[in-house]
Amino acid sequence: MNFKKTLVALAAAATFSGAVSAEELSVAATPVPHAEILEFVKPKLAEQDVELDVKVFTDYVQPNVQVDQKRMDANFFQHQPYLDEFNDGKGTNLVSVTGVHVEPFGAYSSKIDSLEELEDGATVAIPNDPTNGGRALLLLQEAGLITLKDDSKITATPRDIADNPKNLEFKELEAATLPRILNQVDLALINTNYALEAGLNPTDDALVIEGAESPYVNILVVHEDRADEEAIRKLADALTSEDVKKFIEENYEGAVVPAF
């Protein structure tokens, strides 16, 4: 009897062990499109014994802090220039595993319908983090509104403007707040994920927008000592699959562009 009970107990333990054998991966992501893409690949990863736990963040700092402190396994929200600047400034050791998509950066307004209508002394809001602020200024230069002292400097600030013929006044604000203050300024340069969350359609509503050739590819990021882990590689493969490419193309209609 005891022998039989032991066999039953061992069988039950084996069954229980099999039920929890999937490796858990926690990933920090901004809501749109990153968390949506991660939710899309979740069933595919489950088939490969990887249980994906997507945690949504609305800022650009905590996702990196959480991964650096190993409270989370990975994040998906940023491009390489931002990551480089973060690593340099914070002394972190985060690395890119793969590039997934580009979110063309755009300029929006609730007051004018074209950049030609922008008046002298107009107020322009841009992100206050170095790489996205510089990215905004480079786009304004491409549109002919300003000239920078060094057009290769991706961390440019308004102090790096050499020529400002319309005497534009710049407000540097946290990226996530820009859609909310759109009606308080004449023009706002907004990251596509925040534009989408605010109900803006980048391809229709942006007065000027980056082309698909933008170098700001959004990447999957981990702590440097985890880049080669099998579960991370499975996630990277899932994010760069043909299914994800199709999902992006069908759901975002040019506002998000596959980079693989």
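To be clear, the structure that these remarks concern was listed above.
Structure report, in brief. (Residues numbered from 1 in each chain as written. Predicted model: local features only at pLDDT ≥ 70, side-chain atom pairs only at ≥ 80, totals over all residues. Heavy atoms only, no water.)

### Here's the deal with the sheet that holds strand E4 (residues 94-102)
Pairing in this open sheet of six strands is mixed, and the strands run E2-E1-E3-E12-E4-E13 from one edge to the other. Strands at the two margins of the open sheet, each flanked by one partner only, are strand E2 (50-56) and strand E13 (257-258). By the bridge criterion, four bridges tie strand E3 (residues 74-79) to strand E12 (residues 217-223) in an arrangement that is antiparallel. In the sheet register, asparagine 75 faces E12, and the bridge partner there is valine 221. Along the sheet face, helix H2 (residues 31-46) touches strand E1 (23-29), E2, E3, E4 and E12 and points at about 165° away from the line of E2. Of the strands in this sheet, E3, E4 and E12 are in contact with helix H4 (residues 80-90), which crosses E3 at around 110°. (Pairing = 2+ DSSP bridges. Helix = DSSP H or I, 4+ residues; strand = E, 2+ residues; numbered from the N terminus. Contact = heavy atoms within 4.5 Å. Axes fitted to C-alpha atoms, helices over the stretch in contact; angles between N-to-C directions.)

### A word on the nonpolar core
Of all hydrophobic cores here, the largest spans 30 residues; its most connected members are Leu38, Leu52, Leu235 and Leu239. The contact partners of leucine 38, leaving out residues within four places of it in the chain, are Val27, Ala29, Leu52, Val54, Phe76, Leu235 and Leu239. One finds Leu118, Ala122, Leu138 and Leu139 within the second-largest nonpolar core, a separate group that totals 24 residues. (Core = buried A, V, L, I, M, F, W, Y, C linked by side-chain atoms within 4.5 Å. Buried < 20%, exposed > 50% of the residue type's maximum accessible area, 1.4 Å probe, protein only.)

### Observations regarding the packing of aromatic side chains
Counted by the stated rule, this structure contains seven aromatic pairs. Each ring, one from phenylalanine 247 and one from tyrosine 252, has its centre 6.1 Å from the other, and the planes form 80°; the classification is edge-to-face. Of the two residues, phenylalanine 247 and tyrosine 252, neither departs from the other in class, the shared state being buried. Taken together, Tyr60, Phe77, Tyr82, Phe86 and Tyr194 form an aromatic cluster joined through their ring pairs. (Phe/Tyr/Trp six-rings, centres within 6.5 Å; stacked < 30°, edge-to-face > 60°.)

### With respect to the environment of leucine 38
With respect to the secondary-structure elements, leucine 38 resides in helix H2. For the pair leucine 38 and tyrosine 216, spaced 178 residues apart in sequence, the C-alpha separation works out to 19 Å.

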